[in-house]
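Coordinate analysis (summary)
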Amino acid sequence: MTTSVETSRDSEAGIQGRSPRQIAWSRFKRNKVGVIAAVISITLLSLSLFAPIVCKILGIDPDTLNLDVLNTSGIPDLPNGGISADHPLGLIPGTGRDLLAQLLYGSRMSFMVAILTTFTSLTIGLFVGIIGGYFRGRVDNSIGRFTDFILAFPAFFMIVALSEPVVKRIESTGIAQGNSARIIFLVFFLSFFGWPGFSRLIRSQILSLRERDFVTAAEAMGAKRSRVILKELLPNVWAPVIVVASLSLPGYLAAEAVFSFLGLGVQPPASTWGILLSNASRYVTVMPSFFLITAGSLVIVVLAFNLVGDALRDALDPRADR
Amino acid sequence: MSKEIILSVTDLTKHFPVKKSKDRKKAVVKAVDGISFDLHAGETLGLVGESGCGKTTAGRTILKLTEPTSGSIVFEGQDITKFKHGKMTSLRAQMQIIFQDPYSALNPRQTIGKIISAPFEIQGVNPTGGVKNAVQSLMERVGLNPEHYNRYPHEFSGGQRQRIGIARAIALKPRFIVADEPVSALDVSIQAQVINLLDDLQREDGISMVFIAHDLSVVQHISDRVAVMYLGKVMEIGPTANLYHSSHHPYTKALLSAVPQPDPRSEKSRERIILSGDLPSPINPPSGCVFNTRCWKAQDKCRTEVPQLVQLGGTQVACHFPE
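Residues numbered from 1 in each chain as written. Chains lettered and ligands numbered in written order. Predicted model: local features only at pLDDT ≥ 70, side-chain atom pairs only at ≥ 80, totals over all residues. Heavy atoms only, no water.

Another aspect to go through is the overall build of chain A. A tally of regular secondary structure across chain A gives 13 helices and zero strands. Dimensions along the principal axes, computed over C-alpha positions, put chain A at roughly 90 × 55 × 35 Å. Out of the 322 residues in chain A, the part that is buried amounts to 47%. A distance of 9 Å separates the average location of the 28 positive side-chain charges in chain A from that of its 22 negative side-chain charges. (Helix = DSSP H or I, 4+ residues; strand = E, 2+ residues; numbered from the N terminus. Buried < 20%, exposed > 50% of the residue type's maximum accessible area, 1.4 Å probe, protein only. Lys, Arg positive; Asp, Glu negative; His and termini not counted. Charge placed at Lys NZ, Arg CZ, Asp CG, Glu CD.)

Residues and elements named next belong to chain A. The grouping of F156, F157, V160, V258, F261 and L262 at the surface amounts to a nonpolar patch, some 530 Å² of accessible area in total. When contributions to the nonpolar patch are tallied by element, the ones reaching two or more residues are α8 (155-173) and α11 (225-261). Ranked by the residues each element gives to the nonpolar patch, the list is headed by α8, at three residues. Along the chain, V160 turns up in helix α8. (Patch = residues over 30% accessible without salt bridge, like charges linked within 9 Å, V, L, I, M, F, W, Y side chains within 5 Å. Areas by Shrake-Rupley, 256 points an atom, 1.4 Å probe, with all protein chains shown as cover. Salt bridge = Lys/Arg side-chain N within 4 Å of Asp/Glu carboxyl O.)

Residue and element names in this part refer to chain B. Of the two faces of strand β6 (residues 95-98), the one lined by M95 and I97 and the one lined by Q96 and I98 are each fully buried. Here β6 pairs with strand β7 (residues 176-180) via four bridges, running parallel. Its bridge partner being in β7, I97 is matched across the sheet by V178. (Pairing = 2+ DSSP bridges.)

With that settled, consider the packing of helix α6 (residues 99-135) of chain A against helix α13 (residues 288-315) of chain A. All names here are of chain A. Contact geometry of α6 with α13 gives a least axis separation of 12 Å together with a crossing angle of 40°. One finds that α6 runs oblique with respect to α13. Our pair here, α6 against α13, has a crossing hand that is right-handed. Between α6, through L99, L103 and F111, and α13, the contact on the second element is made entirely by F290, I293, T294, S297, V301 and F305. The class makeup of the residues in the contact of α6 with α13 is seven nonpolar, two polar and no charged. (Axes fitted to C-alpha atoms, helices over the stretch in contact; angles between N-to-C directions. Parallel < 35°, antiparallel > 145°, perpendicular 65-115°, else oblique. Left-handed = near helix turned anticlockwise from the far one by under 90°. Contact = heavy atoms within 4.5 Å. Nonpolar A, V, L, I, M, F, W, Y, C, P; charged D, E, K, R; others polar.)

Residue and element names in this part refer to chain A. Within helix α12 (residues 273-281), seven of the nine residues are buried, leaving the element largely enclosed by the surrounding structure. Buried within α12 we find W273, G274, I275, L276, L277, N279 and A280. Each element contacted by the buried residues of α12 is listed here: α6, α11 and α13. Of the residues that open α12, the one with a side-chain oxygen 3.2 Å from the backbone nitrogen of G274 is T272. (Polar contact = N/O pair within 3.5 Å; in protein donor to acceptor, adjacent residues only side chain to side chain.)

What follows is about the sheet that holds strand β2 (residues 27-40) of chain B. All names here are of chain B. Strands sit in the order β2-β1-β4-β5 across an open sheet of four strands; the sheet is antiparallel. Looking at which strands have only one partner, the edges of the open sheet turn out to be β2 and β5 (78-79). Two elements, strand β1 (residues 5-18) and strand β4 (residues 70-75), share five bridges in a ladder whose sense is antiparallel. Looking at β4, one finds that T13 is bridged to S70. Relative to the sheet, helix α1 (residues 55-62) contacts β1, β2 and β4, its axis offset from that of β1 by approximately 120°.

Residue and element names in this part refer to chain A. Remark: the principal bend of α8, roughly 50°, maps to S163, with a proline, P165, within the next four residues. Buried within α8 are the following residues: I159, S163, V167 and I170. The inward-facing, buried residues of α8 contact α9 (178-209) and α11. One or two steps after α8, the chain reaches G174, where phi turns positive at roughly 85°. (Bend = angle between axes of the 7 residues up to and from the residue.)

Take the interface of chain A and chain B next. Between chain A and chain B, the residue contacts involve 31 residues of the former and 36 residues of the latter. Both sides together, the interface formed by chain A and chain B hides about 3300 Å², and carbon and sulfur atoms give 50% of it. Across the contact surface, chain A and chain B share three salt bridges. Residues K231 of chain A and E121 of chain B are paired through a salt bridge, measuring 3.2 Å at the closest nitrogen-oxygen approach. The leading source of residues in the side of chain A that touches chain B is helix α10 (residues 213-220) of chain A, at seven residues. For the side of chain A that touches chain B, the class distribution of residues is eleven nonpolar, eight polar and twelve charged. (Buried area = accessible area lost by both parts, 1.4 Å probe.)

Put into structure tokens, the structure is as follows:
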């Protein structure tokens, strides 16, 4: 009798339940579009991360001015924007820089702004949302009115109007200069106007979660607030957090491009998608390939990240694993 | 009864404020409106009544999961009515709750092992032989396979989940448990299993229990005494046999007449008392006896004077004209 119990205890490591995470992963794997989009996203992200190495392997350089292959009006001699074995995506008219290298280096800046912004606004939103949803009542009301107040701001015009003076102010304090100051400005203001959306979502999740009996059970066991929040509630909001993060990242990528396009983001000679696009728009009639490739690459990235977000949302469906 | 009184509830009320924008009067829902009873060691008190009569609120208020509006709760000789969170914490090991909905009672992101070991962790208890051993013997005790330690709640059926909830509740050997409709979400065959499990555990550990339910036959099976609630008040309270066979309150009679009989012949001849009207709003309960709007014996006195609980035969009744 005792031995049988012993053996069953020993074999218990063999019986392992599937965690919600494993289930979500197996559901994600079944979604072909999502998997393809994820592969594309990760590939592009690592290409951008390892841009110097990639460029070295391809033998291209973002700063070399290939003026010898441009004609007198600054347009590449070869058709399709000078696409050749040396320059896989052609050259940038006027300067003769390699477009692929510029795109790779430019995407680093764009990704950095987008990832930093998503991270900061999500962190703030998570914190504020949990506080509001958990404490409810007056706390929640004041937080709610404050988020309404921020959401009511015309964020776009605020950022446009504040850009110059605030960047100057950052530079004068000596925290950062030039492009770093501009990146700080963009990340700060995009996050400042971005967190209320997250905080509302998190708050609504927490509001419904905290009424569930397992929270009451924890309270009935004498659990402290910190435990209820960190151990009971927080693990249950990761799913929506991951989904909104993956869906808002491409949004911020596009936002960065918009502000750079308008000349409010990073300044040339550094490059981002926005700068390349604004440059390309001037050549759209004489050299459409430049514009198509630049805009196309942005479209692919944004689309891929959005599709990953959608697939994650389906895979992490909270109703499927209660 | 000479047994030790473990819990004594006196005039307990719980009013929830409701916002009324038109007139600034503070309206309140009188969810629990002055209930009193004693619970003896090892005893089960059934708490019955229709939906919305305040059974669940009563249970949660007794455990101080919601703050009582007035009245007193004395647990093991200590008046815990005014106890704050910190002072309650050590007492929480002595009083536990079992929930109605087994789907909402377990955190979907935690394994069963983690869920059942939470009481040890929170109360800082180190059971002999380690937490894992303790959890597995608890699982065995409630009829679960201890090898399922690492599984997640979604991999279990409703009845199994309820067993998990019970294991968690009895982990620290509490002296008192509020079972809040523990079987009403389960199908009948599972109900019987869970009730028998509760019965066994209670007998073995000498746990006192407040068993909230609206299924009268379940309550009859498990309870030593039964309290009948209506609109936040106790209408009648007494030993189970007395209450079921010789009740005095018209509401108790009406409630009991609604229990179907398993024998078709006696079911045919069963006399049913059909109450007219709906449950009045607990925001604005009837004056006098709260049952007067639906009672067939109501007189003027019932509309003005609140009846008190008085001993009559085997039970205590709150009625001006008991049967």
